[in-house]
Amino acid sequence: MSVVHVENENHITRVTINRPAQLNALNYEVLKILNDTIERLHIDPNVHVVIFTGAGDRAFSAGADLKERKELNEQQVRRNVKLISHVCEGIANLPQPTIAAINGHALGGGFELMLACDFAVTVSAATFGLTETKWGIIPGAGGTQRLPRLIGAMKAKEMILTAQTITAQEAEALGLVLRVVELDQLSSACNTLADSILNNAPIAVRQAKYAIHHGMKTDFTSGLAIEGKAYDITIPTEDRREALEAFSEKRAPEFKGR
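Residues numbered from 1 in each chain as written. Predicted model: local features only at pLDDT ≥ 70, side-chain atom pairs only at ≥ 80, totals over all residues. Heavy atoms only, no water.

Examining the sheet that holds strand S2 (residues 12–17)
And then number 1: Strands sit in the order S1-S2-S3-S5-S7-S10 across an open sheet of six strands; the sheet is mixed. What marks the edges here is a single partner per strand, and that holds for strand S1 (4–9) and strand S10 (179–181). Pairs of neighbouring strands in the sheet enclose a mean axial angle of 20 degrees, with direction left out of account.
And then number 2: Pairing analysis gives six bridges linking S1 to S2, with the strands arranged antiparallel. Bridge pairing links Val4 to Ile17 in S2.
And then number 3: Running at roughly 170 degrees to S2, helix H1 (residues 28–42) makes contact with S1, S2 and strand S3 (49–54) of the sheet.
And then number 4: In this fold helix H8 (residues 183–198) packs onto S2, S3, strand S5 (98–102), strand S7 (119–123) and S10, with an angle of close to 160 degrees to the strand it touches most, S7. (Pairing = 2+ DSSP bridges. Helix = DSSP H or I, 4+ residues; strand = E, 2+ residues; numbered from the N terminus. Axes fitted to C-alpha atoms, helices over the stretch in contact; angles between N-to-C directions. Contact = heavy atoms within 4.5 Å.)

What follows is the structure in structure tokens.
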């Protein structure tokens, strides 16, 4: 089986990092496949939700593969860092809502991959951290930018500068994860969240995500302009008219993504 396993069912794509013996560490092969997969998902109109997870029950991803990293020259290290940064940015910019199903520890680049997702649901035994400074480096896939925007600069500095790890319960209290569940509930919890998204019009969902994602990067007035343009895209859709017809006929709408 590939080191990245991709499954598609009912408009949901599940992407699994499949190196459980290596704690789903992100080597160059994994990063290349993830990058190619994300590029395909970005233009696939039949995929409405993407779930990222890791194989096994020990780690979502422990981050960079340090055994591989030890054998790389400086040019190859820069190549890998650039690629993992591109992967995380690609996940953040997917038009579909994304869910990180955290089946175990999420550290370093694995935590950064989670931060790039829209939602995270975690098992109670997981720990989280950007521990790069104890390896003589810094987070290189958006961690120094996404984490302080989510939890504030002071707490992010504490986590990054001390290489601190936090528990699933602490991550939930900080707003880094949506909810904490037991391992046997993880898949159903993520599927329930995905299904609740799938109940709504796909184009509207994508445009709402777009407005939030890009509006948060700018000032309020510019954000309102982004929202207005996103709204305009939904007006001529068949789904908008279907929702009104369904309301008048007292039935559930049947959205087509058109």
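Overview of helix H10 (residues 220–234)
And then number 1: Helix length check: H10 (15 residues) gives 21 Å between terminal C-alpha atoms against 21 Å at 1.5 Å per residue, within 8%.
And then number 2: Those residues of H10 that sit buried are Gly223, Ala230 and Thr234. Buried residues along H10 cover an arc of 55 degrees about the axis, so they all sit on one side. The exposed set on the far side of H10, more than 90 degrees from its buried face, consists of Thr221 and Lys229.
And then number 3: Close packing links the buried residues of H10 with helix H9 (202–215) and helix H11 (238–248).
And then number 4: Measuring from the side-chain oxygen of the N-cap residue of H10 to the backbone nitrogen of Thr221 gives 3.2 Å; that N-cap residue is Asp219. (Expected span 1.5 Å × (residues − 1). Buried < 20%, exposed > 50% of the residue type's maximum accessible area, 1.4 Å probe, protein only. Arc of directions from axis to C-beta. Polar contact = N/O pair within 3.5 Å; in protein donor to acceptor, adjacent residues only side chain to side chain.)

Looking at the side chain of Asn27
And then number 1: With respect to the element layout, Asn27 can be found in the loop between S2 and H1.
And then number 2: Assessed through its relative accessible area of 10%, Asn27 is described here as buried.
And then number 3: A distance of 2.9 Å separates a polar side-chain atom of Asn27 from the backbone nitrogen of Val30.
And then number 4: In this structure, Asn27 is in contact with Arg19, Asp65 and Glu68, ignoring residues within four places of it in sequence.

Side note on the nonpolar core
And then number 1: In terms of nonpolar packing, the biggest core is built from 60 residues, with Met114, Phe128 and Leu147 touching the most fellow members.
And then number 2: With sequence-adjacent residues up to four places away left out, Leu147 is seen in contact with Phe111, Leu115, Leu130, Gly142, Gly152, Ala156, Met159, Ile160 and Leu176. (Core = buried A, V, L, I, M, F, W, Y, C linked by side-chain atoms within 4.5 Å.)

Quick look at the environment of Lys155
And then number 1: With respect to the secondary-structure elements, Lys155 resides in helix H6 (residues 153–161).
And then number 2: For Lys155, a relative accessible area of 26% gives the class partly exposed.
And then number 3: Sequence-wise, Lys155 and Leu174 are 19 residues apart; in three dimensions their C-alpha atoms are separated by 9.4 Å.
And then number 4: Contacts of Lys155, omitting those with residues within four sequence positions, involve Gln164 and Leu174.
And then number 5: Within the local environment of Lys155, its side chain forms a polar contact with the side chain of Glu158, the two groups lying 2.8 Å apart.

Worth remembering: the numbers are spatial, not functional.
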